[in-house]
Amino acid sequence: MAHVMSITLNPAIDLAFYLDQLMLGAVNRPAESQLEAAGKGVNVARMLAVLGHQVTASGFLGEDNDGPFRHVFKTYGIKDAFVRVPGQTRINTKLAESDGRVTDINGPGVSISEADIQTLLQTLQQHIQHQRPEAIVLAGSLPQGISTDTFGQCLQTLKATGIPLWLDTSGPALTTAIAQQPAAIKPNEHELAEWAGMPLSHQRYRLEAAQRLHQSGIEHALLSAGAEGVLWVSSAGIWQSTPPQVDARNTVSAGDTFMAGMLHGLLNQHAPDDTLRFATALSAESVRHLGVGDPQASDFTTLLNLTQVESMDNAATESSLS
Ligand SMILES: Nc1ncnc2c1ncn2[C@@H]1O[C@H](COP(=O)(O)OP(=O)(O)O)[C@@H](O)[C@H]1O
Ligand SMILES: O=P(O)(O)OC[C@H]1O[C@](O)(COP(=O)(O)O)[C@@H](O)[C@@H]1O
């Protein structure tokens, strides 16, 4: 199994409520609530650790409320290389309703200073030199105090290590990330629509956008679209997957589970269709509950068998001719 470094610049403690139906402006009494250390890179780290990889997690954590993170790192055997900064890590609220709708309220996060950024870069360099990870994942939004320019410089530093860099972010940070030509990127269709300059509601537009991403110099362009599945454009061809129908209770962290599943398959040199099938089935498994996917779920083999994967190479050729 591989060593992976996972970076979360703006982690969160996720507070999830399960409601029949959200009533705005009224007292809501959820049937269930849960509090968990999260943030995109933390979720990816946890999923990779579950899949047997050695993971070092880094980024910034508020020193006043890092208990839930320390608990997760200990439980999953993740090496804690987070830089502590004054204040509290944000709490993100997830309101999951019985029809599968989820409302996210994601806070801005702690304020990061120039000195904090330098400390983080030194910490990362030490860990990278010492452990030589086979991949670096950087996932999630930017905290206050990190501009897209600074983010771009951090990405350049990471890319200069020569270690494949996997990115998942949104908004202006996504545009900056794409410009740095990482090894892989995984936006969802709403996030990529901003960069593409058009809604990606149809498969044809998604295919064009994913191809453009790959042609811009990104080896693995991964475009996810919730229950409609994933498009993957790489030099190994174009693949599409459709997840099985599941009872979607909480879609939070589905994207993180998917990204970890893809990295797992590629690090283990699994065939492209097996890699995509596994990651898609694992992310479908994850939406049935809070948190990342469970490859030990009793029906996981059934989910794998029900996940459709097909080569799109012909469709892409037809699309470029029309
Ligand atoms: N309702 C759903 N049913 C089955 N699988 C889902 C569902 N929502 C998400 N997934 C799986 O999780 C993957 C990532 O979800 P998506 O919503 O696209 O990403 P993100 O969580 O980053 O917004 C999808 O490609 C799909 O495989
Ligand atoms: O950094 P952002 O973009 O605010 O996202 C943070 C949120 O993303 C999550 O990691 C979930 O991400 P995905 O649903 O995309 O997998 C939550 O745990 C967290 O609250």
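Predicted model, so just to flag it, every value in this text is computed and none were measured.

Caption draft 1: Focus on the packing of aromatic side chains. For the coordinates displayed, the defined rule picks out three aromatic pairs. Aromatic pair Phe-73 and Phe-82: ring centres 5.7 Å apart, planes at 15°, arrangement stacked. Taking relative accessible area as the criterion, Phe-73 reaches 4% and is therefore assigned buried. Aromatic pair Phe-278 and Phe-300: ring centres 5.8 Å apart, planes at 85°, arrangement edge-to-face. Here the residue Phe-278 occupies a position in helix H9 (residues 272–286), and Phe-300 occupies one in helix H10 (residues 300–306), the gap between them amounting to 22 residues. You can call Phe-278 buried: its relative accessible area is 16%. Ring pairs connect the aromatic residues Phe-69, Phe-73 and Phe-82, which therefore count as one cluster. Seen from the ring of Trp-195, Arg-212 lies directly overhead, with NZ or CZ sitting 4.4 Å from the centre. The residue whose ring lies beneath Arg-249 is Tyr-18, and the NZ or CZ to ring-centre distance is 4.4 Å.

Caption draft 2: Region of interest: the site of ligand 2. Among the 17 residues in the neighbourhood of ligand 2, the closest are listed as Asp-14, Asn-92, Ser-141, Ser-253 and Asp-256. Asp-14 places a polar side-chain atom, nitrogen or oxygen, 2.5 Å from an oxygen atom of ligand 2. A distance of 2.7 Å is found between an oxygen atom of ligand 2 and a side-chain nitrogen or oxygen belonging to Ser-141. Mapped by element, the contributors of at least two residues to the shell around ligand 2 are helix H1 (40–50), strand E6 (91–97) and helix H8 (254–267).

Caption draft 3: A look at the pattern of salt bridges. Enumeration according to the criterion identifies 11 salt bridges in this entry. We note a salt bridge from Arg-70 to Asp-66, for which the minimum N-O separation is 3.2 Å. Judged by its relative accessible area of 9%, Asp-66 falls in the buried class. Each of Asp-66, Arg-70, Asp-80 and Arg-84 takes part in salt bridges that share partners, so that together they form one network.

Caption draft 4: Local environment of H1. In terms of burial, H1 is largely enclosed, as nine of its 11 residues are buried. For H1, the complete set of buried residues consists of Gly-41, Val-42, Asn-43, Val-44, Ala-45, Arg-46, Met-47, Leu-48 and Ala-49. Once H1 finishes, Gly-52 follows within two positions and takes phi at roughly 100°, a positive value.

Caption draft 5: Layout of the site of ligand 1. Neighbouring ligand 1 are 19 residues, the closest being Asn-188, Ser-224, Gly-226, Gly-255 and Ser-283. The side chain of Ser-224 places a nitrogen or oxygen atom 2.7 Å from an oxygen atom of ligand 1. Interatomic distance of 3.0 Å between a backbone N/O atom of Gly-255 and an oxygen atom of ligand 1. Protein burial of ligand 1: of its 550 Å² of free accessible surface, 85% is covered by the chains. Among the secondary structure elements, those contributing two or more residues to the shell around ligand 1 are H8 and H9.

About the thresholds
- Each residue is numbered by its place in its chain's sequence as written, counting from 1.
- Key to labels: chains lettered from A, ligands numbered from 1, both in the order written.
- Only residues with pLDDT of at least 70 get local features here, since the model is predicted, and only at 80 or more are side-chain atom pairs given and counted; chain-wide, interface and lining totals rely on the full set of residues.
- Excluding hydrogens and water, the side-chain figures rest on all heavy atoms present in the structure.
- Geometry of aromatic contacts follows a simple scheme: Phe, Tyr and Trp rings, the Trp one being its six-membered ring, pair when their centres are within 6.5 Å, and the pair is stacked under 30 degrees between planes, edge-to-face over 60, tilted otherwise.
- The rule is simple: take the accessible area with a 1.4 Å probe, protein chains only, and divide by the maximum for that residue type; under 20% is buried, over 50% is exposed, in between is partly exposed.
- Strands are runs of DSSP state E lasting at least 2 residues, helices are runs of H or I lasting at least 4, and numbering of each runs from the N terminus.
- Whether a charge sits over a ring comes down to the Lys NZ or Arg CZ being within 6 Å of the ring centre and within 35 degrees of the ring normal.
- Note on definitions. A residue lies near a molecule or strand when any single heavy atom of the residue is within 4 Å of it.
- Counted as a polar contact is a pair of N or O atoms within 3.5 Å, where, for protein atoms, one must be capable of donating a hydrogen and the other of accepting one, and residues adjacent in sequence contribute only when both atoms are in side chains.
- The term salt bridge refers to a pairing of a side-chain nitrogen on Lys or Arg with a carboxyl oxygen on Asp or Glu at a separation within 4 Å.
- Residue burial considers only the protein chains on display, and all accessible areas are found by Shrake-Rupley using a 1.4 Å probe.

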